[in-house]
Amino acid sequence: MLSHLSNYSFPIITAICVFPTIVCLMTVPFLVWNYRKYNGLSIMRTTVIFSFVFYMMCAFFLTLLPLPTIDEVLTRKPAQFNHHLFNNIQSAMRNAGFVASDTSTWFLANHWKKLLTSSMLFQIIANIIMQVPLGFYLKYYFRVSWKKALGIGFLVSMFFEMTQLSGVWGIYPYAFRCPDIDDLMNNTLGCMIGFWCAPILMRFLPSVEEMDEIAAKRGQKLEIIRAFSAFSVDWIVCNLINLGVNYVTANYFTKFIYSDLLQVELLKWLLFALYFVVLPKHWKKQTIGNALVKVRIVNDNECQEKVTTKSLIYRNIILYLAEPMMVLISIILIVSTSSAYVTASATNFDRTVLTLACIIYFPIVFIILMNSIVNKGGLPHNTWTKTHLELE
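Here the residue numbers are simple positions, counted from 1 along each chain's written sequence. Where local features are concerned, this predicted model is filtered to residues with pLDDT of at least 70; where side-chain atom pairs are given and counted, the filter is 80 or more; whole-chain, interface and lining totals use all residues. Excluding hydrogens and water, the side-chain values take into account all heavy atoms of the structure.

(A) Quick peek at helix H6 (residues 119-130). Here H6 spans 16 Å end to end across 12 residues, near enough to the 16 Å set by a 1.5 Å rise per residue. When accessible area is computed with a 1.4 Å probe and restricted to protein chains, residues below 20% of their type maximum are described as buried, those above 50% as exposed, and intermediate ones as partly exposed. In this text, helices come from DSSP runs of H or I with a minimum length of four residues, and strands from runs of E with a minimum of two, each type numbered from the N-terminal end. Every buried residue belonging to H6 is among Leu121, Phe122, Ile124, Ala126, Asn127, Ile128 and Met130, and all of these are buried. Helix span, expected: 1.5 Å multiplied by one less than the number of residues in the helix.

In structure tokens:
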């Protein structure tokens, strides 16, 4: 049994290693989607969605990995598609010694032992189990009918088999794994087993309606995750502006990027000013990031309706330059100082300078942050500019 399980460990370990990267790519779009659709964030919904993504990664990698090299594939014969239904279980039974025409073979313990410990039977069971979670998710969260669950289970399995049959969609010259009609049947059966058994587990889990209620309640107040989502979207826009200007100048105005780099940088800062200052001042007090998560920039002074240009300039310089730079310098100092004490080649002078830098820098940062948070109730980009975010 352990030898059979070891064949599945590599794909699952690979999924575990790749999953954090997928989470990073999904987080901002997922947060924006939650705030747009549900006006709040439910921890349970987050857990369900990300666990579903992780499960689908594991299922896909189990059908695909480990990938051979193209040279290794060329040394093999193309894998043939098995179109005979129930071929796998029949082969497993024949290998175990069962004979359909001889009923006496059905009562031999040795034959049953060979069948129950055979790799073929283990593969059949594994193919059934692989899509049991899919059926559960379809019933519990996506709430589809049994007919749709049957179709989705079949189509997902078909995608896996076509990936194998096509040589990973043309990457390989031909199929290196044997696509199997029995796999389609077993995967679809597993999906329906998960669908039918889902109500048992659903008794112990919050319903989708309860998740919506939790999200709505949490959406009644501004949370730090919501502000972070707006910050992240605007940070992405900043990078897109930077990359866009660099691309245009490099491809269409080559002479500027080499002979007059200052003009290129000034153009970027002009676009940043238009986005972070002019846009929120004249459009609902919002940047694109603010609008997507339904928040706006307002004055601490309730009597003053509009945010001043000066406040917006200072707010964005602190939020997108000063505070990230403070975090970056902190990380660099911690890593450099730790490395200096661990690395034998580092001199005492290096260690002394870095230690002094830490002794001077971190107390100053701590005092600034504590003064802003404790005495004024927020981070410097809010308290120093007398502005804050509020819900629409």
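We are not done yet, so read on.
(B) Spotlight on a nonpolar patch on the surface. The grouping of Phe366, Ile367, Met370, Ile373, Val374 and Leu379 at the surface amounts to a nonpolar patch, some 560 Å² of accessible area in total. Following the sequence through the fold, methionine 370 ends up in helix H17 (residues 348-376). Every patch collects residues that have over 30% relative accessible area and no salt bridge, joining them within 9 Å if they carry like charges and within 5 Å if they are nonpolar side chains (Val, Leu, Ile, Met, Phe, Trp, Tyr). For the area figures, the Shrake-Rupley method with a 1.4 Å probe applies, and any residue is considered shielded solely by the protein chains shown. Basic side-chain nitrogens of Lys or Arg form a salt bridge, by our definition, when they fall within 4 Å of a carboxyl oxygen of Asp or Glu.

(C) Structural view of the confidence of the model for the chain. Chain-level pLDDT for the chain is 82 on average; 92% of the residues reach the 70-or-more range. As a per-residue measure, pLDDT reflects the predictor's confidence and takes values from 0 up to 100. Taking the mean pLDDT of every element in the chain, the minimum, 54, falls on helix H13 (residues 254-259) and the maximum, 93, on helix H7 (residues 132-140).

(D) Summary view of the environment of phenylalanine 228. On the secondary structure map, phenylalanine 228 appears in helix H12 (residues 224-252). Each C-alpha atom of the pair phenylalanine 228 and isoleucine 367 lies 23 Å from the other, and the pair is 139 residues apart in sequence.

(E) Molecular detail of the pattern of salt bridges. A complete count under the given rule lists three salt bridges for this structure. Arginine 143 serves as the salt-bridge partner of glutamate 209, at 2.2 Å between the closest nitrogen and oxygen. Residue glutamate 209 is found in helix H11 (residues 208-218), and its partner arginine 143 is found in the loop between H7 and helix H8 (146-165); the two are separated by 66 residues along the sequence. A salt bridge links arginine 296 to glutamate 390; its shortest N-O distance comes to 2.7 Å. In this pair, arginine 296 is assigned in strand E1 (residues 295-299) and glutamate 390 in strand E2 (residues 387-391), connecting sequence segments 94 residues apart. Overall, glutamate 390 belongs to the partly exposed group, its relative accessible area being 27%.

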